[in-house]
Amino acid sequence: MIRTSIHRKSTWGHLKVNERVKMKKSVLKLLALLAIFSFVAISCGDDDDSSSSSSSESSSSESSSSSESSSSESSSSESSEAAEEEEAAEEEAGPDPADGCGYATEGDMPGIDKENGIFKIGTSQPFTGRAAVAGEALLGGLQMAVDELNENGGIDGCLFELAWEDDRFEIEQMVTNVRKLIDVDNVWGFVGTAGSQAIPSTYPAIEAAGTPLWGPVSPANQDILEVYLTNPTRTEQGKICIDYFVENGATKIAAIGQDNELGAEAFAAIELQQPVHGYEIVAEEEIEVLSDVVAPAVLAVIDSGADAVLTALDNAQNGLVLDGFHEAGFNPMVCSDAGSAGSGGGNTVSLATPEAADGYLGALQVALPDTDSEFVNAWRDLWAAYDGPGKDGAPNFSLQTYSIAQAFFQLIDRLDGNYTYDNFHAVAETLVDDPILIPSIPPVACAPLPGGHQCAAGAGVAAYDSATETWTQVREFQSAKS
């Protein structure tokens, strides 16, 4: 009985085992299916995640690339804009003076050595010969002005060099000198060249080269582009002498001049002022250039009964005329332009007897050398210490070219480093609105042609006292009456 029970238990047990096995198989199948589905799901999920990740990375990469490209483009744009702004600022600021001599001059110009900082100018003077006493000092005044400027540092990085030649007061030699200074010495321009009768002969060479001529002493005005007259012409000075004659009672006026342009200017002056004052022209006499034969002209003027005489001669001829009048007991007022008279110096009066020279009148283009003014006092100190070429010349002529040079340097300073001839003319012709003021000469106020290169108007008059051997200004600087 116990066996049955046990059997039953065994059967029940066996049955239970089979069902569990079946159930287990079913569960395993289910689990297998679930596993398969899970694997597929996981695989799909992995693909999606990988795709999503790849897409995200691609998007991120593209975004980064786009950002980097945008940043690069922005940076490039900003750099370009900065460069353009810097370039615009440089253009607005203009050329830099720190670049030295000729910093604003495009291309090469005669006489401008940018590398070595040299600005070369030239002049021709009668250093020897008949007019040496004037020529020496005319050269000395220029050289002294150049030396002084260089000692003070020059202008805008340029030191100045003066090339000069002796023309011996001869026309052909002056022409030769000017050509050499242009073609061989390669000067930028001329300053203070003297010899009114010879200077016009140099104009063809000057015009052909375009070389400026500043402050020549003192040719007639021919409206030449390159020529700037900073002194009143001899015609203007003659007119002012005549104004002085009339103010002091003259009614009969004569003129003696050389048979050249110098004489022509005196004859022009006497004719031009006649309608202004209504005096009588009683004689117009000529003397040959460099001739000592003055007697015929002297006698003709004496016979005319003139009470005033305008002369346009060289210093030696003037001395002979003064002596001729004195010896004949003839005592008219006699006045000459500054060059002929040597106003302020001994150029003419030392060649006549003291009695004949007493009261002699000379036009003034420049202040007298003994004038008590700051400018003239400073020049006088420099001249006393000067030991260069021309140191033994007449001081009055030194002051003249020293003053001309000072005006020239002021004009060069206004060019702001642009030393082209076009810019020089453009700036020079505006001086009428803003003149250069040198205390020893009339204001320099150039204007456009025609007529505008006669840059100074007016002159003074001085009288010589043989007892004290001094000149005194008797008429202030002013223009001729019209």
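Residues numbered from 1 in each chain as written. Predicted model: local features only at pLDDT ≥ 70, side-chain atom pairs only at ≥ 80, totals over all residues. Heavy atoms only, no water.

Points about the overall build of the protein chain
Of the regular secondary structure elements, the protein chain holds 13 helices and 13 strands. Looking at the protein chain residue by residue over its 482 residues, the buried ones come to 47%. Working note: accessible area of the protein chain is about 22,900 Å², and carbon and sulfur atoms make up 51% of it. (Helix = DSSP H or I, 4+ residues; strand = E, 2+ residues; numbered from the N terminus. Buried < 20%, exposed > 50% of the residue type's maximum accessible area, 1.4 Å probe, protein only. Areas by Shrake-Rupley, 256 points an atom, 1.4 Å probe, with all protein chains shown as cover.)

Here we look at the state of the cysteines
Under the definition given, this model contains 3 disulfides. The residue that forms a disulfide with C241 is C335, at a sulfur-sulfur distance of 2.1 Å. One quick way to see it: the torsion about the S-S bond of C241 and C335 is about -45°, and its sign makes the bridge left-handed. With a gap of 94 residues between them, C241 in helix α5 (residues 234–247) and C335 in strand β10 (residues 333–336) connect regions that are remote in the sequence. The same class applies to C241 as to C335, namely buried. At a sulfur-sulfur separation of 2.1 Å, the disulfide partner of C446 is C455. (Disulfide = S-S within 2.5 Å.)

Considering the nonpolar core
Counting residues in each nonpolar core, the largest one holds 56 residues, and the members touching the most others are F119, W188, W214, F408 and I412. Counting residues per element, the ones that place at least two in this core are β2 (118–125), α2 (132–151), β3 (159–166), α11 (374–385), α12 (395–414) and α13 (421–428). Per element, the largest residue contribution to this core is 10 residues, and it comes from α12. A283, V298, V301 and V334 belong to the second-largest nonpolar core, a separate cluster that totals 27 residues. (Core = buried A, V, L, I, M, F, W, Y, C linked by side-chain atoms within 4.5 Å.)

Some remarks on the packing of aromatic side chains
Applying the stated criterion across every chain yields a total of 18 aromatic pairs. Centre to centre, the rings of F119 and W188 are 5.2 Å apart; their planes meet at 55°, and the pair counts as tilted. Linking F119 in strand β2 with W188 in the loop between α3 (171–183) and β4 (189–191), this pair joins segments that are 69 residues apart in sequence. With respect to burial, F119 and W188 carry one shared label: buried. Each ring, one from Y464 and one from W471, has its centre 5.5 Å from the other, and the planes form 55°; the classification is tilted. The exposure class of W471 is buried, given its relative accessible area of 6%. By way of ring pairs, the aromatic residues F119, F160, W188, W214, Y228, F408, F409, Y419, Y421 and F424 are connected into one cluster. (Phe/Tyr/Trp six-rings, centres within 6.5 Å; stacked < 30°, edge-to-face > 60°.)

Comments concerning the confidence of the model for the protein chain
For the protein chain, mean pLDDT is 86; residues scoring 70 or higher make up 81% of the total. Long-range and interchain partners of residues 1–69, a stretch whose pLDDT sits below 50, account for 0 contacts in this model, where long-range means more than four residues apart. (pLDDT = per-residue confidence, 0-100. Contact = heavy atoms within 4.5 Å.)

Topic: the sheet that holds strand β9 (residues 308–312)
Ordered by their spatial adjacency, 7 strands build an open sheet running β8-β7-β9-β10-β11-β12-β13, and the pairing between neighbours is mixed. The sheet is open, and its two borders are formed by β8 (280–287) and β13 (470–478), each paired with just one other strand. Along the sheet, successive strands turn relative to each other by an average axial angle of 25°, direction set aside. Here strand β11 (residues 361–364) pairs with strand β12 (residues 459–465) via 4 bridges, running antiparallel. Bridge pairing in β12 places L361 opposite A463. Running over the sheet, helix α7 (residues 295–304) touches β7 (252–258), β8 and β9 and is turned about 175° from β8. (Pairing = 2+ DSSP bridges. Axes fitted to C-alpha atoms, helices over the stretch in contact; angles between N-to-C directions.)

Considering the packing of α11 against α12
At a minimum axis distance of 11 Å, the contact between α11 and α12 shows a crossing angle of 115°. If you check the angle between α11 and α12, you find them roughly perpendicular. At the point where α11 passes α12, the crossing takes the right-handed sense. Residue-level inspection shows F375, V376, W379, L382 and W383 of α11 in contact with α12, the latter providing P395, S398, L399, Y402, S403 and Q406. Here the contact of α11 with α12 is built from residues that sort into 8 nonpolar, 3 polar and no charged. (Parallel < 35°, antiparallel > 145°, perpendicular 65-115°, else oblique. Left-handed = near helix turned anticlockwise from the far one by under 90°. Nonpolar A, V, L, I, M, F, W, Y, C, P; charged D, E, K, R; others polar.)

Let's talk about α12
With 20 residues, α12 ought to run about 28 Å at 1.5 Å a step, and its terminal C-alpha atoms sit 29 Å apart, in line with that. The element α12 is extensively covered by neighbouring structure, given that 16 of its 20 residues are classed as buried. Downstream of α12 by one or two residues, D416 has phi in the positive range, about 50°. (Expected span 1.5 Å × (residues − 1).)

Some points on the pairing of β3
When β2 meets β3, the two strands line up parallel, connected through 8 bridges. Looking at the pairing, F119 lines up with F160 of β3. For the crossover that starts at β2, traverses α2 and ends in the parallel β3, the hand is right-handed. (Right-handed = clockwise from strand over helix to strand, strands pointing away.)

Digging into the pairing of β13
In this sheet, β13 lies alongside β12 in antiparallel orientation, the contact comprising 6 bridges. Considered in β13, the bridge of A462 is made with Q473. Between β12 and β13, which pair antiparallel and follow one another directly, the connecting turn spans 4 residues, one of which, E469, has a positive phi of 55°.

Some points on the environment of Q454
The topology assignment puts Q454 in the loop between α13 and β12. In the structure, Q454 is positioned 232 residues away from Q222 in sequence and 9.3 Å away in space, judged by C-alpha atoms. Filtering out sequence-adjacent residues up to four positions away, Q454 remains in contact with N221, L229, N231, P232 and T233.

Looking at helix α8 (residues 315–327)
Residues spaced three or four apart along an α-helix point in a common direction, a consequence of the helix completing one turn every 3.6 residues. Taking 1.5 Å of rise per residue, the 13 residues of α8 would be expected to cover 18 Å, and the 18 Å separating its terminal C-alpha atoms lies within 8% of that figure. Listing the buried residues of α8 in full gives N315, Q317, N318, G319, V321, L322, D323, G324 and F325. Measuring from the backbone nitrogen of A316 back to the side-chain oxygen at the start of α8 gives 3.1 Å, which picks out D314 as the cap. Positive phi shows up at G329, right after α8, with a value of about 70°. (Polar contact = N/O pair within 3.5 Å; in protein donor to acceptor, adjacent residues only side chain to side chain.)

Observations regarding the side chain of S218
When you line up the elements, S218 lands in the loop between β5 (213–214) and β6 (227–228). Residue classification places S218 among the buried residues on the basis of a relative accessible area of 3%. At 2.6 Å, the side chain of S218 forms a polar contact with the side chain of Q365. Residues contacting S218, with those up to four places away along its chain left out, are S196, N231, P232, R234, Q237, E265 and Q365.

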